[in-house]
Amino acid sequence: MMRPALTTAFRAIARPSTTARSTPTLIRFAHAHAQESFEQFSARYVSFFQNAEDLFELQRGLNNCFAHDLVPSPEVIEAAVKAARRVNDYSTAVRIFEGIKEKVENKTQYEAYLTELKGLKEELGIALKEELYPPA
């Protein structure tokens, strides 16, 4: 009759207590990235689009660029459109302008981008979606 009580007592002695046990400390160090300024962001993407060699790389860069909570600068848009024409993809060049239209807050900002990039559009022969498919 004493046997179950003794085995339980012996097990408790043989087993180290959880309070005395050293538990490993798990520490995750956060990677502290410096906040990127708008100028640094623009320079990074201008360089990226100038070096884009194929359509996949161009579209990946556009996806990443437009995913940020800002409207890319005209210099970035110019580099992206030139990259689209360099890889011979007219539809992506047109869609870059559609992306700008969706990202800006109002029509006035969109018109300012179009004014700024008018020379580029004429030089590369790019028509906007509104010009290709006028509203009926």
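Residues numbered from 1 in each chain as written. Predicted model: local features only at pLDDT ≥ 70, side-chain atom pairs only at ≥ 80, totals over all residues. Heavy atoms only, no water.

### Quick notes on the nonpolar core
And then number 1: The biggest cluster of nonpolar side chains holds 29 residues, and the ones touching the most others in it are Phe49, Ile77, Val81, Phe97 and Ile100.
And then number 2: Secondary structure elements with two or more residues in this core: α2 (38-50), α3 (55-67), α4 (74-86), α5 (90-103), α6 (107-116) and α7 (118-124).
And then number 3: For this core, the element with the most residues is α4, which contributes seven residues.
And then number 4: Ignoring anything within four residues of it in the chain, the contact list for Ile77 reads Phe66, Pro72, Ile96, Ile100, Tyr113 and Leu117. (Core = buried A, V, L, I, M, F, W, Y, C linked by side-chain atoms within 4.5 Å. Buried < 20%, exposed > 50% of the residue type's maximum accessible area, 1.4 Å probe, protein only. Helix = DSSP H or I, 4+ residues; strand = E, 2+ residues; numbered from the N terminus. Contact = heavy atoms within 4.5 Å.)

### A look at α2
And then number 1: For α2, built from 13 residues, the straight-helix expectation of 18 Å at 1.5 Å per residue is met to within 8% by its first-to-last C-alpha distance of 18 Å.
And then number 2: Phe41, Ser42, Tyr45, Val46 and Phe49 are the residues of α2 that are buried. For α2, the arc enclosing every buried residue in end-on projection is 130 degrees, short of the 170-degree limit, so these residues lie on one face. For α2, exposure combined with an orientation more than 90 degrees from the buried face picks out Glu39 and Gln50.
And then number 3: Tucked inside the fold, the buried residues of α2 contact α3 and α4. (Expected span 1.5 Å × (residues − 1). Arc of directions from axis to C-beta.)

### Thoughts on unusual backbone geometry
And then number 1: Of note in the backbone geometry, Asn88 takes a positive phi value of approximately 65 degrees without being a glycine.
And then number 2: Inspection of the secondary structure assignment puts Asn88 in the loop between α4 and α5.
And then number 3: Exposure remark for Asn88: the relative accessible area of 63% places this residue in the exposed category.

### Considerations on the side chain of Ser73
And then number 1: Take Ser73: it is sitting in the loop between α3 and α4.
And then number 2: Judged by its relative accessible area of 4%, Ser73 falls in the buried class.
And then number 3: Leaving out residues up to four positions away in the same chain, Ser73 has contacts with Phe38, Ser42 and Tyr113.

### With respect to α5
And then number 1: Here α5 spans 21 Å end to end across 14 residues, near enough to the 20 Å set by a 1.5 Å rise per residue.
And then number 2: Its buried side turned inward, α5 meets α3, α4, α6, α7 and α8 (129-132).

### Things to note about the packing of aromatic side chains
And then number 1: Applying the stated criterion across every chain yields a total of four aromatic pairs.
And then number 2: Judged by centre distance (6.4 Å) and plane angle (65 degrees), the ring pair of Tyr45 and Phe48 falls under edge-to-face. With a gap of three residues between them, Tyr45 and Phe48 both fall in helix α2, about one helical turn apart.
And then number 3: Seen from their ring centres, Tyr45 and Phe49 are 6.1 Å apart, and the 35 degrees between their planes marks the pair as tilted. (Phe/Tyr/Trp six-rings, centres within 6.5 Å; stacked < 30°, edge-to-face > 60°.)

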